[in-house]
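Summary of structural features
Given next are the chains, with one letter for each unit.
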Amino acid sequence: MEDWKTNRSVFWTLATPGTFWLVLFFLVPLAFLFVLSFSDKAIIDGQMSINDYDYFTGISNYLRSLNSDIISIFMRTIWWSFLATLACLLIAYPIAFGICFAPEKWRPLLLMLIVLPFWINLLIRTYALIAVLRTQGVINSALGFAGLGPFEILGTSFAVIFGLVYVYMPFMVLPLYATIERLDKSFLEASLDLGGTQFQTFRNITLPLTMPGIVTGVVLVFIPCLGTFLTSELLGGTSSWMIGNVIQNQFGPANDWPFGSALSLLLMYATFGVLALRSLLQRNSKGVDV
Amino acid sequence: MSAFRQFPRHSRRSFLKGTGAAFAGLVLSPRFALAEEDKKLSFYNYDTYIGETTLDDFKKATGIEVKLDLFADGDELFTKLKAGNPGYDVIVPTSNVVERMVKANMIMALDHAKIPNMKNIDPAFLNPSFDPGRKYSLPYQWGTVGIGYRKSKVEGVPDSWKFLLDDEKYAGRVALLGDQEHTIGAALKYLGFSYNSTNIDELNKARDLLIKGKKIVKKYADDNGQDLLAQGEVDLTMEYNGDIAQVMAEDDDLAYVIPKEGSNVWEDTIAIPTGAPHPENAHAFINFIFDGEVGKGITETIHYATPNAAAKALMDEAYRNNAAIFPPADALAKCEYSAYLGEEAVKVRDGIWTAVQAA
């Protein structure tokens, strides 16, 4: 490969569009959020201004985030994201395995079925879920024929977690499929031939070897779950706000961009934490890399 | 960091200077200035909130083509224009939003001389607290917030906020508006305080009531309480009267009542945002809206209460006597406008709303 130092002009030409994009549409807005998070609304003539800010006034917005309401919503967000990720993993693992061991000609079709929901806008899919879950919806009508129900599903925390699992499942299936597909099946045969039970083989061979796919899938599901606001808003009930809803509220009705910025950045730091954990786990893993 | 602050201020001032110059030009030679504006107008409004043929009729009458853009609520309108007007000429802010926008220099003063049809407006609407003398806005439609309910599932008339906030009789069959202004306002009203209270003790009492009342509430609805009611998901919902009137037209089992403790009366206004590219056309459009026949056309489509007296006079009895649209005077007397309470108060109320959501 050519060294970029010997061909500087080519390097710079190729690097410019990407760099430009990153700086203009990512770093600049992010820097603005960063500055705002340390700012406050200006006080003009003794009244808090609607549109003007006093910049770099301190960390009051971060201190406000330590409020017990915000903390309990943060905890709720992390707990629900954890449950949704766990459910995704438990459901997606057999699906990914099933696709890998399906006849070759079926695999593209099965994978396409996994990706198919992405062809439809998230908002529309969520409204469709409302029709499925509501008191007089599809599930309750079906249960009604069997003489059961109706159950209150819509407007509960279960509905929100169900919605998250439904929306982010493909992000779990695809990396799992990628690792399981490249898994050397002779290892499994060797384990079984040498007297290992199915369970031992799974625990000692399959699971460690597919760990990179699991870690990637977990990260890909957990992080977007943390930032959810649409699913919790539409499917949730009276105690369903996640941190995304609080942030959305600050940039909307509350018109408190500094506080919203501080919360967004806190969420981003939490995301960095998850990514750091990922690379740590990945480094210690002996499995097939994705 | 001063660059951050100076930029928007500078640009806003030059905006004002520019529009000021345009107005000066108009005074000297109106015809010349008129010729300067394109035959275009950008109108930013709620969905289904204008007559079916109003915009086409306006084009026929004046040659001005109206481009319609939609927002979902006043907060979206405010947020979109906050960083500078992206090119809208006429907007439809609610009374407290218009007050906030005027304070933030986001609304242009109206030239009443260019709106002769102002004579059609019911005089009761000409000097509201949120815009004394109607310097910045004119009344477009008005209405109330109250309780929509399903008659067959409710005993008698649920004419109190009690059934939505405090009494567990209808627990799990109730929706409230997912809007801090109205939900906190209704709680305040039920406790005997003002919709616009900024007293922290009163607000804390309202917060405790809302948190305690969460077991009654099934959903804080995003302005779709009327759908939940129509679908049978809930039997009582806090909603805007016009939304309930729309579903009442399709289902005889539904009704609307203003709680006896009082409620909110709101007014959507029509205004010109600062930096509007076509202020002349905007004035012409607003004048057109207040024509009697045109107002009638709008009202026939959207079924809200019109402050346009000439239009109301042209409407049929059924509309003029509809109690969901024009509530009885004694009920209305207990209703308050939402005022813009200042950013500090907005912050306090947001804290309360977050606490309710967190609980």
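Residues numbered from 1 in each chain as written. Chains lettered and ligands numbered in written order. Predicted model: local features only at pLDDT ≥ 70, side-chain atom pairs only at ≥ 80, totals over all residues.

Looking now at the overall build of chain A. Counting secondary structure elements, chain A contains twelve helices and two strands. Secondary structure elements in chain A, listed N-terminal to C-terminal, are α-β-β-α-α-α-α-α-α-α-α-α-α-α. Against the 2.2 N^0.38 benchmark of 19 Å for 290 residues, chain A shows a C-alpha radius of gyration of 24 Å, more extended than a compact globule. Seen through its C-alpha atoms, chain A measures out along the principal axes to roughly 80 × 75 × 35 Å. The burial tally for chain A puts 31% of its 290 residues in the buried class. For chain A, contacts bridging at least 24 residues in sequence account for 69% of all contacts bridging at least 6. (Helix = DSSP H or I, 4+ residues; strand = E, 2+ residues; numbered from the N terminus. Rg over C-alpha atoms; globule rule 2.2 N^0.38 Å. Buried ≥ 20, exposed ≤ 12 C-beta atoms within 10 Å, placed from the backbone. Contact = placed C-beta atoms within 7 Å.)

Bringing the overall build of chain B into the picture now. Scanning chain B for helices and strands turns up 16 helices and ten strands. Intrachain contacts of chain B at a sequence separation of at least 6 include 75% that bridge at least 24 residues.

Here we come to the interface of chain B and chain A. Across the boundary between the two partners, chain B contributes 29 residues, which contact 27 residues of chain A. For the side of chain B that touches chain A, the secondary-structure elements that each account for two or more residues are helix H1 (2-28), helix H4 (74-82), helix H5 (95-103), strand S7 (217-221) and helix H16 (343-358) of chain B. Looking at the side of chain B that touches chain A, the element that brings in the most residues is H16(B), giving nine residues.

Another aspect to go through is H4(B). Each full turn of the α-helix corresponds to 3.6 residues, which orients residues three or four apart in the same direction. Residue and element names in this part refer to chain B. Along H4, the residues classified as buried are Gly74, Leu77, Phe78 and Leu81. All buried residues of H4 lie within an arc of 95° about the axis, which places them on one face of the element. The positive-phi residue at the C-terminal boundary of H4 is glycine 84, with phi of around 125°. (Arc of directions from axis to C-beta.)

This brings us to the environment of A:Val219. Residue and element names in this part refer to chain A. When you line up the elements, valine 219 lands in helix H9 (residues 198-226). Here valine 219 falls in the buried class, since 21 other C-beta atoms lie within 10 Å of it. Distance in space between the C-alpha atoms of valine 219 and leucine 194 is 35 Å, their sequence separation being 25 residues. Non-local contacts of valine 219, meaning those with residues more than four positions away in its chain, are made with Val274, Leu275 and Arg278.

Ranked by size, the top nonpolar core spans 97 residues in total, and within it A:Tyr168 and B:Leu164 carry the most contacts. A per-element tally of this core places helix H7 (residues 157-182) of chain A first, with 17 residues. Each of domain 1 (2-141 + 266-320) and domain 2 (143-263 + 326-358) of chain B accounts for three or more of the residues forming this core. Dropping the residues within four chain positions of it, A:Tyr168 is found in contact with A:Ala84, A:Cys88, A:Val221, A:Pro224 and A:Cys225. Of all hydrophobic cores here, the second largest spans 43 residues; its members include B:Tyr88, B:Leu110, B:Leu138 and B:Phe290. (Core = buried A, V, L, I, M, F, W, Y, C linked by C-beta atoms within 7 Å. Domains from an automatic or database assignment.)

On to unusual backbone geometry. All names here are of chain B. Although it is not a glycine, arginine 134 sits at a positive phi angle of roughly 55°. Examined against the element boundaries, arginine 134 turns out to sit in the loop between strand S4 (107-108) and strand S5 (137-150). Positive phi, normally seen in glycine, also occurs at histidine 303, with a value near 60°.

Residues and elements named next belong to chain B. Once the domains are mapped, chain B shows domain 1 (2-141 + 266-320) and domain 2 (143-263 + 326-358). Taken together, the 14 residues of domain 1 in the interface contact eleven residues of domain 2. At five residues, the largest contribution of residues to the side of domain 1 that touches domain 2 is made by H5. Tallied by class, the residues present in the side of domain 1 that touches domain 2 amount to four nonpolar, five polar and five charged. (Nonpolar A, V, L, I, M, F, W, Y, C, P; charged D, E, K, R; others polar.)

Below, the discussion takes up the environment of A:Leu220. Residue and element names in this part refer to chain A. Positionally, leucine 220 belongs in helix H9. Here leucine 220 falls in the partly exposed class, since 19 other C-beta atoms lie within 10 Å of it. If we ignore the near neighbours within four places in the chain, the residues touching leucine 220 are Phe171 and Pro175.

Residues and elements named next belong to chain A. With their axes 7 Å apart at the nearest point, helix H1 (residues 8-37) and helix H12 (residues 257-284) run at an angle of 115° to one another. Classed by the angle they form, the pair H1 and H12 counts as roughly perpendicular. In this structure, H1 crosses over H12, and the sense of that crossing is left-handed. Here Leu33, Phe34, Leu36 and Ser37 of H1 lie close against H12, whose contacting residues are Trp257, Pro258, Ser261, Ala262, Ser264 and Leu265. Across the contact of H1 with H12, the residue classes tally to seven nonpolar, three polar and no charged. (Axes fitted to C-alpha atoms, helices over the stretch in contact; angles between N-to-C directions. Parallel < 35°, antiparallel > 145°, perpendicular 65-115°, else oblique. Left-handed = near helix turned anticlockwise from the far one by under 90°.)

All names here are of chain B. Here helix H10 (residues 241-248) lies mainly inside the structure; six of its eight residues are buried. Restricting attention to buried positions, one finds in H10 the residues Asn241, Gly242, Asp243, Ile244, Ala245 and Met248. Tucked inside the fold, the buried residues of H10 contact S5, helix H9 (225-231), strand S8 (236-240) and strand S9 (254-257).

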